[in-house]
Amino acid sequence: DAGVIQSPRHEVTEMGQEVTLRCKPISGHNSLFWYRQTMMRGLELLIYFNNNVPIDDSGMPEDRFSAKMPNASFSTLKIQPSEPRDSAVYFCASTLGRLRAVQYFGPGTRLTVT
Amino acid sequence: DAKTTQPNSMESNEEEPVHLPCNHSTISGTDYIHWYRQLPSQGPEYVIHGLTSNVNNRMASLAIAEDRKSSTLILHRATLRDAAVYYCIRHQGGSEKLVFGKGTKLTVNP
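Worth saying up front: this structure is predicted, and the values here are computed from it rather than measured.

What should I look at first to understand the overall build of chain B in this one?
A tally of helices and strands in chain B yields 0 helices and 9 strands. Counted from the first residue to the last, chain B has its helices and strands arranged as β-β-β-β-β-β-β-β-β. Considered along the principal axes of its C-alpha atoms, chain B spans approximately 40 × 30 × 25 Å. Expressed as a percentage of its 110 residues, the buried residues of chain B come to 43%. Expressed as a percentage of contacts within chain B between residues at least 6 apart in sequence, the contacts between residues at least 24 apart total 56%. Here chain B carries 11 positive and 11 negative side-chain charges, and the mean point of each set is 6 Å from the other.

Even after reading the chapter, I still don't get the interface of chain B and chain A, so can you show me in this structure?
Interface size is commonly expressed as the accessible surface area that is lost when the partners come together. With 16 residues of chain B at the interface, the matching set in chain A holds 24 residues. Remark: the boundary between chain B and chain A carries 1 salt bridge. Of the charged contacts, one joins B:Lys97 and A:Asp56 as a salt bridge, the two residues approaching to 2.8 Å between their closest N and O atoms. Going through the elements one at a time, β3 (31-38) and β8 (84-92) of chain B are the ones with two or more residues in the side of chain B that touches chain A. Broken down by element, the residue count for the side of chain B that touches chain A peaks at 3 residues, all from β3(B).

Honestly, the nonpolar core in this entry has me stumped. Any pointers?
Note on soluble globular proteins: their nonpolar side chains tend to be buried together. Core analysis: the largest hydrophobic core is formed by 21 residues, its most contacted members being A:Trp34, A:Leu77 and A:Tyr90. Only β3 (19-24), β4 (31-38), β5 (42-50), β7 (65-71), β8 (74-79), β9 (88-95) and β11 (109-113) of chain A provide two or more residues apiece to this core. With near-sequence residues (within four places) excluded, A:Tyr90 lies in contact with A:Gln6, A:Leu21, A:Tyr35, A:Arg36, A:Leu46, A:Phe65, A:Leu77, A:Ile79, A:Gly108, A:Thr109 and A:Leu111. Judged by nonpolar contacts, the second largest core, of 20 residues, contains B:Val47, B:Ile48, B:Ile64 and B:Leu106.

Explanation requested: the sheet that holds β8(B) in the structure shown.
Hydrogen bonds between backbone groups are what pair the strands of a sheet, and the pairing can be parallel or antiparallel. Residues and elements named next belong to chain B. Read from one edge to the other, the open sheet built from 5 strands follows the order β1-β9-β8-β3-β4, with strand pairing classed as mixed. With partners counted over all chains shown, the strands left at the sheet margins are β1 (9-13) and β4 (45-50), one partner each. Ignoring which end each strand starts from, the neighbouring axes of this sheet average 25° apart. In this sheet, strand β9 (residues 104-109) lies alongside β8 in antiparallel orientation, the contact comprising 3 bridges. Within the sheet, the bridge partner assigned to Val85 lies in β9 and is Lys105.

Cut-offs and rules
Residues numbered from 1 in each chain as written. Chains lettered and ligands numbered in written order. Predicted model: local features only at pLDDT ≥ 70, side-chain atom pairs only at ≥ 80, totals over all residues. Heavy atoms only, no water. Helix = DSSP H or I, 4+ residues; strand = E, 2+ residues; numbered from the N terminus. Buried < 20%, exposed > 50% of the residue type's maximum accessible area, 1.4 Å probe, protein only. Contact = heavy atoms within 4.5 Å. Lys, Arg positive; Asp, Glu negative; His and termini not counted. Charge placed at Lys NZ, Arg CZ, Asp CG, Glu CD. Salt bridge = Lys/Arg side-chain N within 4 Å of Asp/Glu carboxyl O. Core = buried A, V, L, I, M, F, W, Y, C linked by side-chain atoms within 4.5 Å. Pairing = 2+ DSSP bridges. Axes fitted to C-alpha atoms, helices over the stretch in contact; angles between N-to-C directions.

Function-wise, these values are silent; they only describe arrangement.
In structure tokens form, the structure reads like this:
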């Protein structure tokens, strides 16, 4: 079985550019999470969806960040415009739902904003 | 707020048991204890979880204190591939959110 798939694995962009990160959850999972990891702040939850609906976006740092889940097999995290402080590894994770909270993480996207 | 306390780092020798401690003195009755680990350059992966009783699986054992204020993750025979950051997480039953702290960086010496 394929695990959580993220693309691209690496992204280098210039400040001010739009960045779109993509995630395909494990088939059959109905919750999806976006995390950001930096040395300074560790692993932070940005937003999560249940059945394609955003449930908690309190971790989204500011309006430059947006996330969508148009269907059960695809989600995007967009940063517009990007800034150097957005440089981090972004992880997507999925899970079967509330009663089985084991989260399965993707390999991450390493974003560098210059 | 992760509300767990772990040592920043620990060392072990290969093929020896490793006991990774975690304090969660303010845990509530419905909070589960979850352990994840993150190998270098990878996403976190689930290790084990429990509520009150000790738990075993193919990866590790979880020993939970009787008062539930602390727990210990036990790797029975450490290998070099077990070198990772181990996160102890209080997870509210019924909530989907996991709050990761800084974890314990485990170094395994050959």
